[in-house]
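Given next are the chains, with one letter for each unit.
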Protein chains: 2
Amino acid sequence: MPLRHAVLASLLDGEYSGYQLAKAFDVGVANFWHALPQQLYAELTKLEKEGLISGREVVQEARPNKRLFRVTDAGLAELENFAAAVSKPSFIRDDLLVKVQAVDRIGTAPVIEQLEERASAAEARIELFSNLLRRTRGDVDEEEFLRRGERIGPYLTCLRGLAFERDHRTWCLRTAAVLRERRATHAQR
Amino acid sequence: MPLRHAVLASLLDGEYSGYQLAKAFDVGVANFWHALPQQLYAELTKLEKEGLISGREVVQEARPNKRLFRVTDAGLAELENFAAAVSKPSFIRDDLLVKVQAVDRIGTAPVIEQLEERASAAEARIELFSNLLRRTRGDVDEEEFLRRGERIGPYLTCLRGLAFERDHRTWCLRTAAVLRERRATHAQR
DNA sequence: AGAGTCATGTAAGCTGTTACATGATTCG
DNA sequence: CGAATCATGTAACAGCTTACATGACTCT
């Protein structure tokens, strides 16, 4: 049951439709999980059947109808249990790192290119997360917000996401630079 | 085909048995992938059947026999193709972050505890990776090694792993501290 | 004597990805 | 007028995890 708790945690701050959740899993929630829309629709259906969330139909005129979900008491209890259970360690799993691992034995050009693309993508997310954090804390500074804010969970996970992207960006740029320089000096392949 | 390329990349530096690879996927290789022994044995069998790796039986006396694998030319070509193809973006997927996301609505005690455990685990891996890097580059300094070393792929991915663990550790400690302080001040739950 | 290491798997089940399907409305 | 957005799914397949199984040797 991996996705279910991520969904429950995401629904804590209000009612969302599957469609809206899918968006969230692409931006804010992407700090700790990732899922495709199909998976979310399936999971929402299952969670509702189990009584961990409840949905209500919202009839719309100019757009298709939608179902909004919120976490039930049973759902909250489920989260509580989940939080108390041991977490499995987090690991990186990244195609690009596999390519870098092999970089001495294969063509470096596409790897360098992808590293630089990644760096740009990370840059964009850094901006996104920075803005999100700024908007979330409003006028108060971070220290103050974390001391007295009412809902700091999403802020904390976003901080993790931000740090991750910064780190990732730094490494991508450095690695690309190293590989470029080696191509220049010992004209290999 | 996600695991296969990770396996191929791991086999670039010599011959390994399934058992040895499983160890590697727990330490060095963990920088970019993770897999259980069963999965590795299965994947090695498949890769051999497809001719991307070749194995040879090594008869041992005091221990069970083992099969050592190395990458074939076809395997190297496969890696080459893989490197040229687009990578899917990397994302975090972490139980503990889900718990932190929900932390305002559930009991904080187990979350704090797990954050601190994670920090210790990260600490251990920081040590491990630092030593690995030091041993790999030998006498020369990092700059020099990256400029002229013969096999820098594993070094570069290890650098990423090190940065990740450092970052993770920092965030875990900071988050745990924030949650502790809040428990002290506004005695909630 | 028990725990840990070396060494390799099978089988079942759960999770996640890819491909396919539909259809109205709004924006450029 | 074509692309993007809103909105929700089904079906098939690929990948990963968990449980089970075996057996000798070495270290404490």
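Residues numbered from 1 in each chain as written. Chains lettered and ligands numbered in written order. Predicted model: local features only at pLDDT ≥ 70, side-chain atom pairs only at ≥ 80, totals over all residues. Heavy atoms only, no water.

Enquirer: Pulling in residues and values, what's your account of the side chain of serine 87 of chain A?
Expert: The topology assignment puts serine 87 of chain A in the loop between α4 (73–84) and α5 (95–101). A polar contact is formed between the side chain of serine 87 of chain A and the side chain of lysine 99 of chain B, at a distance of 2.7 Å. Separated by 2.6 Å, the side chains of serine 87 of chain A and glutamine 114 of chain B make a polar contact. Sequence-distant contacts of serine 87 of chain A, that is, excluding residues within four places in its chain, are made with Asp95, Leu96, Lys99, Gln114 and Arg118 of chain B. (Helix = DSSP H or I, 4+ residues; strand = E, 2+ residues; numbered from the N terminus. Polar contact = N/O pair within 3.5 Å; in protein donor to acceptor, adjacent residues only side chain to side chain. Contact = heavy atoms within 4.5 Å.)

Enquirer: Please set out the interface of chain A and chain B residue by residue, giving values where relevant.
Expert: One widely used convention gives an interface's size as the accessible area the parts lose upon coming together. Facing the 70 residues of chain A at the interface are 70 residues of chain B. Contact between chain A and chain B buries roughly 6800 Å² in total, counting both sides, with carbon and sulfur atoms accounting for 57%. Here chain A is connected to chain B by 8 salt bridges. The salt bridge involving glutamate 142 of chain B is made with arginine 174 of chain A; its shortest N-O contact spans 3.1 Å. Counting across the interface, chain A meets chain B through 46 residue pairs in polar contact (both at pLDDT 80 or more). For the side of chain A that touches chain B, the secondary-structure elements that each account for two or more residues are α1 (3–10), α4, α5, α6 (109–137), α7 (142–148) and α8 (153–185) of chain A. Among the elements that take part in the side of chain A that touches chain B, α8 of chain A stands out by supplying 17 residues, more than any other. The class makeup of the residues in the side of chain A that touches chain B is 36 nonpolar, 14 polar and 20 charged. (Buried area = accessible area lost by both parts, 1.4 Å probe. Salt bridge = Lys/Arg side-chain N within 4 Å of Asp/Glu carboxyl O. Nonpolar A, V, L, I, M, F, W, Y, C, P; charged D, E, K, R; others polar.)

Enquirer: Any chance you could break down the protein's contact with DNA strand D for me, citing the residues and the numbers?
Expert: Near DNA strand D lie 23 residues; those nearest to it are Gln60 and Arg67 of chain A together with Met1, Gln39 and Ala62 of chain B. Counted by atom, the contact set of DNA strand D within 4 Å of the protein is 72% sugar and phosphate. Within the side chain of arginine 67 of chain A, one N or O atom sits 2.7 Å away from a phosphate oxygen of DNA strand D. Elements represented by at least two residues in the surface near DNA strand D include exactly α2 (18–24), α3 (37–49) and β2 (66–71) of chain A together with α3 (37–49) of chain B. No other element matches α2 of chain A, which puts 3 residues into the surface near DNA strand D. Of the residues assigned to the surface near DNA strand D, the class counts are 9 nonpolar, 7 polar and 7 charged. (Near = heavy atom within 4 Å.)

Enquirer: Please provide a residue-by-residue account of the side chain of threonine 175 of chain B, values included.
Expert: Tracing the chain through its elements places threonine 175 of chain B in helix α8 (residues 153–185). For threonine 175 of chain B, a relative accessible area of 0% gives the class buried. When near neighbours in sequence (up to four residues on either side) are disregarded, threonine 175 of chain B contacts Leu156 of chain A together with Val100 and Leu115 of chain B. (Buried < 20%, exposed > 50% of the residue type's maximum accessible area, 1.4 Å probe, protein only.)

Enquirer: Give a description of the relation of the copies chain A and chain B that names residues and reports values.
Expert: Once chain A is rotated about the relating axis by 180° and shifted along it by 0.0 Å, it coincides with chain B to within an RMSD of 0.0 Å. Here the copies are linked by what is in effect a two-fold axis. When the interface residues of chain A are mapped onto chain B, 100% of them again fall at the interface, so both copies present the same face. (Least-squares fit on C-alpha atoms with pLDDT ≥ 70 in both.)

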